[in-house]
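Analysis of the macromolecular model
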Amino acid sequence: MRLEAAARMDLFRKLWKARKLIVVVFIPLSLLPLPLIHPTSEACCAYVLMVTAVYWVSEAVPLGAAALVPAFLYPLFGVLKSSEVAAEYCKDTTLLLMGVICLAASIEKWNLHKRIALRMVMIAGAKPGMLVLGFMCCTVFLSMWLSNTSTTAMVMPIAEAVLQQLICTGLADSHNDSETAEAPEDDGAVSDKEENLDKNQLELLYRNDSDCNKQELSTLSEVQTEEVNGLGLRAMSNQYLRHTNGHLPQVAIEIPNVKRVRARRDSQYPTKRDHMICKCLSLSITYAATIGGLITITGTSTNLIFAEQFNTRYPDAKVINFGTWFIFSFPIAIIMLILTWLWLHFLFLGCNFRETCSLSKKRKTRREMLSEKRIHEEYAKLGPISYPEVVTGVFFILMTLLWFTREPGFVPGWTSLFEKKGYRTDATVSVLLGFLLFLIPARRPFSSSSSSSYSNTEDDDPLAPMITWKDFQRLMPWEIVILVGGGYALAAGCKVSGLSVWIGRQLEPMSGLPPWAVTLLACLLVSAVTEFASNPATLTVFLPILSALSETLLINPLHTLIPATMCVSFGVMLPVGNPPNAIVFSYGHVKISDMVKAGFGVNLIGVAVVMLAITTWGVPLFNLTEFPTWAVARNVSGSL
């Protein structure tokens, strides 16, 4: 019996190891009777859609590879020609993304992001509550223009330096008995743990120096190429995140040793309040990155997927651009930022908001003053602002202004100066400014003196550009480009084959529900699925279904598509929900139970605020009370 049980367990282990291969082979074969028994265009398209969706959700193959499935199955089943499918893989948003990546590469290369983050934290101060709010504000701002993943990887090391200073100050105070405990109930625990505290210092992002105060923050540039390309994570194992929530490459993440993480959680922190501060600050960064990604079309890949699929499905709808999206989403982000900060403060720091908001310097503790000193020291290391930083900042502001003023809606934009209309988009501005970054020298014109600020330039070439092709290539997320293209291909197949119309007819029983109820159900469903599946894949699957549902129920498609697009980013309850969650979790300050508890509240806040927005200021902004003519034309042509 034991031999049989051992053999059975060995078989199960082998099957578990080969589970991805089994899914890759079994799913297409099991679904193959559908197009064979019903050899219609709708059935063939549904087969391709289901196979691709299962591959995306299960991650049996990489997301980019799964996105190539329509490229060969649609021509094989006669749904679309090969040339027609290939045209879907490169759209206007691809060029938009390339231009933004050029600017992001310049921001990272010249450390502008670090200067912005440290300056905003210096303004906020070192009181725990205000420190959390300061980090959240700078993270939201950076995440508007960079991906959520890269923003978290940039800001988290700075936060870790502040937390390390806080912990080290607490250790010194506990040895000298010079500071009253902030959590009286933990006095005994602190004295019992004193002997082990020095042995359980944070190892992530710091070198093992003898003196705690002399530990230096490690950056990716010091570990890898010594280029000034921004803060990143220390080496983190062989496991790579497959979920992609932003538009930068996936970040290599090492899950720390479980015993080490457990030891750190148990004995590293001088008091329980110190541990709560570490939890609050760590989680606030990943939530702020998610909130910031909602504000702009380029903030995260799911926004780009929505914009391109919507404009492709409804070409006559000239309502979604950088300006209208920003006007709608910016209030959402501000409200979510405040409510999320209040929720985290209540959950980890208590309800003493009067102490948090006090500006009195007399109330600052010794560790708060030392934390402020550490932040000022990090900022001082950057030196005076350099010429490349100025150029990058000017391009950053110029790109934003040109996006806003292209077609603001309430006044004529700069595109009205051209005779031919409709030729210039946000991608035109993005690619133009991105191209100029390859031409403008990184050295100040007519400056013969060499400076350490230009140590990034290769071979001290006085005409070396702001960014090189290697800088661009390092950040360009080609997997996301292919993934988005796969979504466009699926949408095109659903439209040509008539599958979207068939799906809409099956959803007619929901016609009795009011629009807000349909939108709420869509938001809850999408936010639940995205906790376990990647955000881009989830949205790509749901957008055609929700579009068909809206057309069938004669609801303005924007009423369901925009909230669903925003709620797909709220996968914040688990480390696997998105890369920022995993980055924060790998630092060892939080447990999964902490993420679930805090993330559930953030999820509810997000859905509630999005529903508030779509039923209030979203109504006049997008004229949601009427079924638009551009959707009527699409519905009629689809029925024919």
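An account of the accompanying structure is given in this report. These numbers were taken from a predicted model, which means no experiment stands behind them. (Residues numbered from 1 in each chain as written. Predicted model: local features only at pLDDT ≥ 70, side-chain atom pairs only at ≥ 80, totals over all residues. Heavy atoms only, no water.)

**Considering the overall build of the chain**
- In terms of regular secondary structure, the chain is built from 31 helices and zero strands.
- Residue pairs in contact within the chain that sit at least 24 positions apart in sequence constitute 78% of those at least 6 positions apart. (Helix = DSSP H or I, 4+ residues; strand = E, 2+ residues; numbered from the N terminus. Contact = heavy atoms within 4.5 Å.)

**What about the packing of aromatic side chains?**
- Across all of its chains, the model carries 16 aromatic pairs by this definition.
- Pairing Phe328 with Trp617 gives two aromatic rings, centres 6.5 Å apart and planes at 55°, and the pair type is tilted. One end of the pair, Phe328, is in helix H17 (residues 322–349); the other, Trp617, is in the loop between helix H29 (592–615) and helix H30 (618–622), with 289 residues separating them in the sequence.
- The class for Trp617 is partly exposed, based on a relative accessible area of 25%.
- By way of ring pairs, the aromatic residues Phe306, Phe310, Tyr314, Trp325 and Trp630 are connected into one cluster. (Phe/Tyr/Trp six-rings, centres within 6.5 Å; stacked < 30°, edge-to-face > 60°. Buried < 20%, exposed > 50% of the residue type's maximum accessible area, 1.4 Å probe, protein only.)

**Topic: the side chain of Ser282**
- Within the secondary structure, Ser282 is located in helix H15 (residues 272–293).
- With relative accessibility at 1%, the residue Ser282 sits in the buried group.
- Reaching out from Ser282, the side chain makes a polar contact with the backbone oxygen of Cys278 at a distance of 2.8 Å.
- Aside from chain neighbours lying at most four places away, what touches Ser282 is Met156, Leu163, Val584, His589 and Val590. (Polar contact = N/O pair within 3.5 Å; in protein donor to acceptor, adjacent residues only side chain to side chain.)

**Thoughts on unusual backbone geometry**
- Of note in this structure, Asn111 is not a glycine but carries a positive phi near 60°.
- Along the chain, Asn111 turns up in the loop between helix H8 (92–109) and helix H9 (112–124).
- You can call Asn111 buried: its relative accessible area is 14%.
- One non-glycine residue, Leu554, lies in positive phi territory at about 55°.
- Mapped onto the fold, Leu554 is located in the loop between helix H26 (535–552) and helix H27 (558–567).
- Relative accessible area serves as the criterion here: at 54%, Leu554 is assigned to the exposed category.

**Observations concerning the packing of helix H16 (residues 301–313) against H27**
- Orientation of H16 relative to H27, taken along the N-to-C sense of each, is 160°, at an axis distance of 10 Å. By the angle between their axes, H16 is roughly antiparallel relative to H27. Of the two elements, H16 crosses H27, and the hand of that crossing is right-handed. Seen from H16, the contacting residues are Thr302, Asn303, Phe306 and Phe310; seen from H27, they are Leu558, Leu561, Ile562 and Thr565.
- When its residues are assigned to classes, the contact of H16 with H27 shows five nonpolar, three polar and no charged. (Axes fitted to C-alpha atoms, helices over the stretch in contact; angles between N-to-C directions. Parallel < 35°, antiparallel > 145°, perpendicular 65-115°, else oblique. Left-handed = near helix turned anticlockwise from the far one by under 90°. Nonpolar A, V, L, I, M, F, W, Y, C, P; charged D, E, K, R; others polar.)

**Notes on the nonpolar core**
- Counting residues in hydrophobic clusters, the biggest one holds 155 residues, and the most contacted among them are Trp56, Phe135, Phe306, Phe310, Ile320 and Leu558.
- Per-element tally for this core: the top contributor is H17, with twelve residues.
- When residues no more than four places from it in sequence are discounted, the contact partners of Ile320 are Ile297, Phe306, Ala307, Phe310, Asn311, Leu558, Ile562 and Phe622. (Core = buried A, V, L, I, M, F, W, Y, C linked by side-chain atoms within 4.5 Å.)

**Focus on the environment of Met50**
- Inspection of the secondary structure puts Met50 in helix H4 (residues 41–58).
- Between the C-alpha atom of Met50 and that of Leu31, which follows or precedes it by 19 residues, the distance is 8.3 Å.
- Not counting residues within four places of it along the chain, the set of residues in contact with Met50 comprises Leu31 and Leu34.

**Brief notes about the pattern of salt bridges**
- Taken as a whole and judged by the stated rule, the model has five salt bridges.
- Among the ionic pairs, Lys14 bridges to Asp10, the shortest N-O distance being 3.5 Å. Pair noted here: Lys14 and Asp10 are both in helix H1 (residues 2–17), with a separation of four residues, about one helical turn. (Salt bridge = Lys/Arg side-chain N within 4 Å of Asp/Glu carboxyl O.)

**Some thoughts on H15**
- For H15, spanning 22 residues, the distance from its first C-alpha to its last is 32 Å, which sits close to the expected 32 Å at 1.5 Å a residue.
- Across the 22 residues that make up H15, a large majority, 20, are buried. (Expected span 1.5 Å × (residues − 1).)

**Comments concerning the packing of H17 against H27**
- Look at H17 against H27: their axes get within 13 Å of each other, and the N-to-C directions meet at 50°. As judged from the angle between their axes, H17 and H27 are oblique. Where H17 crosses over H27, the handedness of that crossing is right-handed. Contacts between H17 and H27 involve Trp325, Phe328, Ser329 and Ile332 on the former and, on the latter, Ile562, Thr565 and Met566.
- Of the residues contributing to the contact of H17 with H27, the split by class is five nonpolar, two polar and no charged.

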